[in-house]
Amino acid sequence: MKFTLSWLRAHLETEATLEQITTTLSTIGLEVEGVEDRSAALAGFRIAEVIEAEQHPNADRLRALKVSTGEGPLLSVVCGAPNARAGLRGVLALPGAFIPGTGITLKKGEIRGVASEAMMLSAREMGLGDDHSGIIDLPADAPIGMAYVEYAKLYDPVIEIAVTPNRGDALSVHGVARDLAAAGLGRLKPLPEPVITPAYPSPLNWIIADPRACTHVLGRGIRGLRNGPSPQWLQDWLTAIGQRPITALVDVTNLYGIGLGRPLHVFDVGKVQGNTLTMRMAQPGETLEALNGKTYALTPEDGVIADAAGPEALGGIIGGAPTGCDEGTTECFIECAIFDPVRIALSGRRHAVTTDARSRFERGVDQALPRLALEMATATMIELCGGEASEISEAGAEPDWERNATLRFARLAELGGADVAPDEAVDILTRLGFATTHRDAASVTVAVPSWRNDVAQAGAGSASASLDPRGGILTQPTDLAPARAAAGAAGCAVIEPEADLIEEVLRIGGLDAIAPLSLPVAATVQAPALTPRQARQGLARRVMAARGMMDCVTYGFLGHTTAALFGDTPASLRLENPIAADLDQMRPTPVASLLQAAARNASRGHPAVALCEIGGAYRSASLDGQLTLACGVRTGETPRHWASPARALDAFDAKGDALAVLAALGVPMAAISTAADAPGFYHPGRSGVLRQGPKTVLATFGEVHPRVAAALDLTGPAVAFEVFLDAIPDPKRRKKAAPELAPFQPVRRDFAFLVDASVAADALLRAARGADRALIADVALFDRYAGDRLPEGKISLAIDVTLQPREATLTDAEIEAVAQKIIAAVVKATGATLRG
Amino acid sequence: MSASEPSADDAVRAETLAAIAGAADLRALDAVRVASLGKSGSVTALLKTLGSVEPALRKERGAAINALKTAIEGALDARRATLEAAALDARLAAERIDITLPPRPHPPAGAGDGGIHPINRTIEELTAIFGAMGFSVVDGPDIESDWHNFSALNIPEHHPARQDQDTFYLPGRDAEGHQIVLRTQTSPLQIRTMLKGEPPIRIIAPGRTWRADHDATHSPMFHQVEGLVIDRGITLAHLKGCLVDFLRAFFAVADLPVRFRASYFPFTEPSMEVDIGWNRKTGEIGKGSDWLEILGSGMVHARVLANCGLDPREWQGFAFGMGIERITMLKHGMADLRPFYEADIRWLRHYAGDALAPASLAEGI
C-alpha cells in the first residue's frame, strides 16, 4: 500500500516529521517497506530556457544550444533531441549532477568539437517515466531558474507500507491516518458529509439475483457531466503511487479506493444495455472484456455484474471495457457494493488478476461506509465534471456487522505483561473507533467499528458458527474428548475478543513499555533437552565427521528417474507442483542426494570426497513411512602418502563407517550379522546388509553399482552406507557388571585354515569364537590369502585367538585341548583343513 | 530394376538379423557388424550395386538399401546393449567379495576432512541455549496434513496467509480427508505437542521446512526453529525476556539491542516481529544504528489452544519461529543462501564446525 505524505496529511492533522511517522507506522504494525523521496535525486535540476539553437557544425543530428539559467553567462549545450529549439523551457543538469535515468554523473565535455557544459534532460533521463522522444518541454511560463522539483511538486515523499492480511482497514489512507492519530501523532480529520440533492430517478436499477454474487449494493447516476483529465493534484497523487491517471471519473474512484479503502466502479450509462444491472453468478461460456485489455472466460463460481448484454464486470475485481467511462461519457453510474471476501479471493486467483479492488474486498471492507462513500464520490465527480446526481438505487441490505467486545483491565497485565492504566486503554480504543458501551472498575465493553472485521469475529469460539469473512472458526480434531473440546471453545469465545482488544491497546500504547521478564526457572538443573533417540543423531553425526566425512544438508527431493535408481518411487511421494522436474520425488535415501553432490564436486575437480548426512528417507506419506537415516558416501582414492600408498576405496571402508556409527549408538557388535542382500543401487557382489537378529535391518553398505554411478556421471570408485536410526533399539541404561580383571596373562595362538573360496570369513570366526566361550576372549582375522600357491578354488584364512584364563594359568595340555576344539569347530562349520 | 534385387535384400536382412541374434558376445557381434556393414560386407556390397541401377530407379533403390542398413544398425545397437548388460552382470558376479570380512580398523586416509554443517551446528547451539531455559526438543514429520500445517493454526483454506506460503502438495488425502503437504513451517509441532500432552509445555522444534520458491534468497527446502511455551501466568513480558535472553546468548552480545514491533500471524495474538540492532554496512551484530528483522513471535491465539483442546481461560503462552539459515548467516557473516545445500566441499571446508567441538553454554557457543 502506497500513499504520499500530502495525501496522508489530507486525512491527518499532524506536526509530526516524516521520520516520526515512518517509525511509528513500523512500531504499530504497519511496517514501512520504503520511503521514496523523489525530490532528493532531482534536487539539483533547474528550469532553463534555450536562447539559441543552431545546427551542430560537425554532426547532422546534433544541435548546439545556448541555454540560460537566469543568472550568469549562457551555457553551451550539445543536444540530440529533435524538439530542441530556441524558446523552449526545459530542465537542465549541471556538471557533477547524477542523472537517475542513465546512472551517469554528468561531466563537462566536448562533443565533436563543440563544448557541452550542461545537459537538457528527457523525462526518462530524470527517472520520471519512459518518454525519451525529446527533452522535457515545459509551458512558456515556467519560471527560469526554479528548481524543477519545486515546479513539478515532486517534494511529496511516497510511503509504502506492508499491510498484514488482518488489516483490510489499513489499505486506506484514512485508516492509516486513524492508526497514527491513535498513536498520538495528530488528529484524524473527519470525513466530509456532503448533501446531494437528487435531480432525477436513477438511470439504472440494481437486482441481486444471487446473494453469492453480492449482498448489498448502492448506485446512482450523474448526468450532464463532462469527463476529462482530472486536476493536477489528483494526477500527482496517483502518479506518485504508481497509478496512471485516466479520466476524472475513473481517477475519483481511485481517489476513494485508496483514500478510503472503498473500491468504486463507474459505468457509462450510455453504454449499458437496458436499465438494470444484475448481481448474479456467471453462466458457462460467458466472457468479460476487462478494463486491463484482457478477456476472461467466466465460470459459474464467478460473481458478475450483468446488463442485458451479459457480464459487464467481475464483481469486486475488475470492470468491463465496453461499459467503461471515457472522455465521451456524459452520464455515469457509480457502483458501491459489498462482496464476499472468499469468493473474491477465489475468483481473483482463478483468473490471476490482481487489482486494488480485489485486495481490499478479499481482506474485508468497511461494512457501513458504502452510502457515505457514494455521496463523497458523487460530490467530487460533480465538482470536477459538473452534472447532476440521480436518486440512489439500492439492493440487498447492509451486513449485520454490529457486535461488542469486552476487555477486563487486569488482563492487560495477565496476558500482555503490560502496565497500562484503564483510562489509557479506553482512550486508545476510543481513538481507534471503539465506542464504549459499558464501563466499570474492572472492565470495559466496546462496540467494534464497522471497519474492523478482524476484531471479535463472529465465528470465534464456536465450531458450528457460519463462516465469517476470514473463514476463522475452530477446527478441532474429531477424536478430541468432548469435554476438552467444549471447554476450549467456551474459553475461546471469552478470550479471543479480549485478546483482540489487548492487541490494539498494546500495539498503539507501545510494546517497548513492557519490561522483559526472563522465563521462570523450571528446575534448578534442567532435564536434558534431547531424548536419548534425538541425542544419538548428534552422536552419529560426530562419529561420521570424526571419521573424516563432511556433514551435508541436501534437498529431500530429487528427480523421479534418478530416485528410481535408488528404490521405489511411489506416485504418492511425487510432488504435484515441483519447482523443477529434477526436484519432484521425495527421495528413497539420502545416499542418492550425496552421490549427486559427490558428482558435482568431481565435476569441479574434487573427485575424492567423503560426505555424510542425517536426513529423511521416504517410503510413504504416513508417519511411519518417513525414516531418518545416517548416510555417507566416499568417492575416489585415498591420497598418496609415504606411509600409506594410495588405494581405491572399497566396500569395507563403507562397512567400517556403518559399524562405527552402530557401535557409537550402543549396538552390541557381537549381535550384528552381515548378509549380501543389499538394495539394488549397490554392486551386487560387493555390498551387504547389517542386521541385529534375523529381521532388524540396521544398515547397508557397499560399492555403488556401476550402472548407478554411470547414470550420475561418477567415474571413479564410489562407496556408500545407510544406517537406519529409527531401527536401532533404544539404548538401555543398565548398570554394568564389575569387570573381570583376571590376574593371569592371556595366551595367543595363531591358526591358518584352507577353505573353499565361497566360505564366509564370518562363519569361520563365529565357529572359532564358539569353540570355548569361557576361555576364548577374542578371535581376529589377521590374514586372508588367495593365490596360485593354493589349490584351485581355495583360500587361506588365518586367525589370532586370544585365550583368557580365569581360574589359573593354562597348562600346555589345556591350551592344546582348546586348540583342538577350535580346529574341530572350524572344520565342522566350514569344511576347512588346518594348514601345516 | 530386376526382380531379384528385393529378394537379395531380404536374404541379407534375414541372414544378418539371425547372426545378430545369435552373437553370443561382443566380439561375435562385432564380427557380424563387419560382415554386413564393413568394407566388404553384405550391405556394403548391395550399396555398391547402386551405380549400375538405372538413374530413374536409383533413388528408390537407394532408399530401400538404406532402410535395410538402418534396420541392421538398430538391431546391432540393441544386441550390443543386451550383451553389454550381460557382460557387466557377469563381471559383477565374478567380482563378488566376502562381505563378511571385518573392515579395516581405521577410516581410510584422507580423513581429517570431516566437520559439522553450519546449520546443524546452529541447531546444536540453540538447543543448548533453550535447553538451559528448560526447553526440550520435539521433532515431527516433513510430510504433514494441511490440518496440522494450516487449519489447526488458524489458517483456514482461503486465508491469505495460506496463499502467501508457496506450499508443495503431494497427491491424495490422509485418513481424515486432509490434503497432504510438505510442512511449510515447523509450527505443526505446536499442534502435535499440545494434542499429545498437558501443559506446562516448553518446547523447541528445529527442522526442515519446504516452500515452492527458489531464488537467490529462497530455497525450496530450509530450516526453522519453532518455540512454544504454555503454562499458567506466562505473559508477553516472558516472551520478550525469553527471546532477548536467547538472542544475546546466540550472538554472544550481552547488550544486543532487541526491538519488538506489532505485527500479525494467524496463530498468535498479539503478534510481534523482533528486530536486532546491527550495522547494515559492516554486518556487525549489536553495533550501529540499523535494525534487522530476525523472527516472528506472539502470544498463542485462543483458537489454536481451543483447536488442541486447551481452555484459553486456563492456559496461555507464547510461540515464536525463526529461520535457522538466517541466524546462521548473520552470525557467521555469510552472504549467500544457496551454498548451504550444494555440498560443495570447498564451502564446507571453509564453514564447517569442528567435528569434536562441543556446542555447550559451559564452553561458549
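Residues numbered from 1 in each chain as written. Chains lettered and ligands numbered in written order. Predicted model: local features only at pLDDT ≥ 70, side-chain atom pairs only at ≥ 80, totals over all residues.

K.L.:
Got a minute to help me understand helix H2 (residues 26-37) of chain B in this structure?
P.N.:
Because an α-helix packs 3.6 residues into every turn, residues spaced three or four apart end up facing the same way. All names here are of chain B. For H2, built from twelve residues, the straight-helix expectation of 16 Å at 1.5 Å per residue is met to within 8% by its first-to-last C-alpha distance of 16 Å. Buried within H2 are the following residues: Leu29, Val32, Arg33 and Ser36. Looking straight down H2, one finds its buried side chains confined to an arc of 105°; they lie on one side. (Helix = DSSP H or I, 4+ residues; strand = E, 2+ residues; numbered from the N terminus. Expected span 1.5 Å × (residues − 1). Buried ≥ 20, exposed ≤ 12 C-beta atoms within 10 Å, placed from the backbone. Arc of directions from axis to C-beta.)

K.L.:
Whenever I open this one, the nonpolar core confuses me. Can you help?
P.N.:
Across soluble globular proteins, nonpolar side chains have a tendency to be buried as a group. All names here are of chain A. Judged by nonpolar contacts, the single largest core of 266 residues is most densely connected at Leu595, Ala598 and Leu611. For this core, the element with the most residues is helix H13 (residues 482-509), which contributes ten residues. Discounting residues that sit within four places of it in the chain, Ala598 has contacts with Val609, Leu611, Val633, Thr635, Leu714 and Ala718. Ranked by size, the runner-up nonpolar core spans 31 residues in total, among them Leu65, Leu75, Ala81 and Met119. (Core = buried A, V, L, I, M, F, W, Y, C linked by C-beta atoms within 7 Å. Contact = placed C-beta atoms within 7 Å.)

K.L.:
Sorry, what's going on with the interface of chain B and chain A here?
P.N.:
Often the size quoted for an interface is simply the accessible area lost on bringing the parts together. In this complex, chain B contributes 102 residues to the contact, which on the side of chain A involves 118 residues. Of the residues that constitute the side of chain B that touches chain A, the class distribution is 59 nonpolar, 24 polar and 19 charged. (Nonpolar A, V, L, I, M, F, W, Y, C, P; charged D, E, K, R; others polar.)

K.L.:
Explain the domain arrangement of chain B to me, please; I cannot follow it from the model alone.
P.N.:
On domain assignment, one finds that chain B holds domain 1 (4-94) and domain 2 (118-346). Taking the mean C-alpha position of each, domain 1 of chain B and domain 2 of chain B sit 66 Å from one another. (Domains from an automatic or database assignment.)

K.L.:
Can you help me understand the domain arrangement of chain A in this one?
P.N.:
Under the domain assignment used here, chain A contains domain 1 (2-37 + 157-188), domain 2 (40-151), domain 3 (205-396), domain 4 (404-475 + 482-510), domain 5 (532-727) and domain 6 (747-834). Spacing between the C-alpha centres of domain 2 of chain A and domain 6 of chain A amounts to 100 Å.

K.L.:
What's the story with the sheet that holds strand E17 (residues 265-268) of chain A in this structure? I'm lost.
P.N.:
Residues and elements named next belong to chain A. Sheet architecture is open: four strands sit in the order E17-E24-E16-E25, paired in antiparallel fashion. At either end of the open sheet lies a strand with only one pairing partner, and these are E17 and strand E25 (388-396). Ignoring strand direction, the axes of neighbouring strands in this sheet form an average angle of 20°. Here strand E16 (residues 216-223) runs beside strand E24 (residues 331-338); their pairing, made up of eight bridges, is antiparallel. Bridge pairing links Arg223 to Glu331 in E24. Each of E16, E24 and E25 touches helix H10 (residues 370-385); the most contacted strand, E16, lies at about 15° to it. (Pairing = 2+ DSSP bridges. Axes fitted to C-alpha atoms, helices over the stretch in contact; angles between N-to-C directions.)

K.L.:
Honestly, the sheet that holds strand E28 (residues 443-447) of chain A in this entry has me stumped. Any pointers?
P.N.:
Strands in a sheet are paired, the pairing made by backbone hydrogen bonds, and the direction either parallel or antiparallel. Residue and element names in this part refer to chain A. Taken in spatial order, the three strands make up an open sheet running E26-E28-E27, and their pairing is antiparallel. Each edge of the open sheet is held by one strand with a lone partner, namely strand E26 (404-408) and strand E27 (435-439). Going across the sheet, the axis of each strand differs from the next one's by a mean of 30°, ignoring polarity. Examined bridge by bridge, E27 and E28 share four bridges and lie antiparallel to one another. Each residue of the ladder has a partner; that of Thr436, found in E28, is Val446.

K.L.:
Would you explain the packing of helix H5 (residues 118-132) of chain B against helix H11 (residues 324-332) of chain B in this entry?
P.N.:
Working note: a packed helix pair is described by the angle between its axes plus the distance between those axes. Residues and elements named next belong to chain B. As a packed pair, H5 and H11 sit with axes 10 Å apart at the nearest point and diverge in direction by 95°. Relative to H11, the element H5 is oriented roughly perpendicular. Where H5 approaches H11, its residues Pro118, Ile119, Thr122 and Ile123 are matched on the opposing element by Ile324, Glu325, Ile327, Thr328 and His332. (Parallel < 35°, antiparallel > 145°, perpendicular 65-115°, else oblique.)

K.L.:
Sorry, what's going on with unusual backbone geometry here?
P.N.:
Note: most peptide bonds trans; most residues except glycine with negative phi. Of note, the amide linkage connecting Pro199 of chain B to Pro200 of chain B takes the cis form, showing an omega dihedral of 0°. Tracing the chain through its elements places Pro200 of chain B in the loop between helix H8 (188-196) and strand E5 (201-210). The linkage connecting Glu269 of chain B with the following residue, Pro270 of chain B, adopts the cis geometry, with an omega of -5°. Take Pro270 of chain B: it is sitting in strand E8 (residues 268-278). Despite not being glycine, Ala352 of chain A shows a phi value in the positive range, around 50°.

K.L.:
Is there a simple way to explain the packing of helix H19 (residues 761-770) of chain A against helix H20 (residues 812-830) of chain A in this structure?
P.N.:
Residues and elements named next belong to chain A. Packing of H19 against H20 leaves a shortest axis separation of 8 Å and a crossing angle of 145°. When you trace H19 past H20, the crossing you get is right-handed. Contacts between H19 and H20 involve Ala763, Leu764, Ala767, Ala768 and Gly770 on the former and, on the latter, Ile822, Ala825, Val826, Ala829 and Thr830. Its residues placed into classes, the contact of H19 with H20 shows eight nonpolar, two polar and no charged. (Left-handed = near helix turned anticlockwise from the far one by under 90°.)

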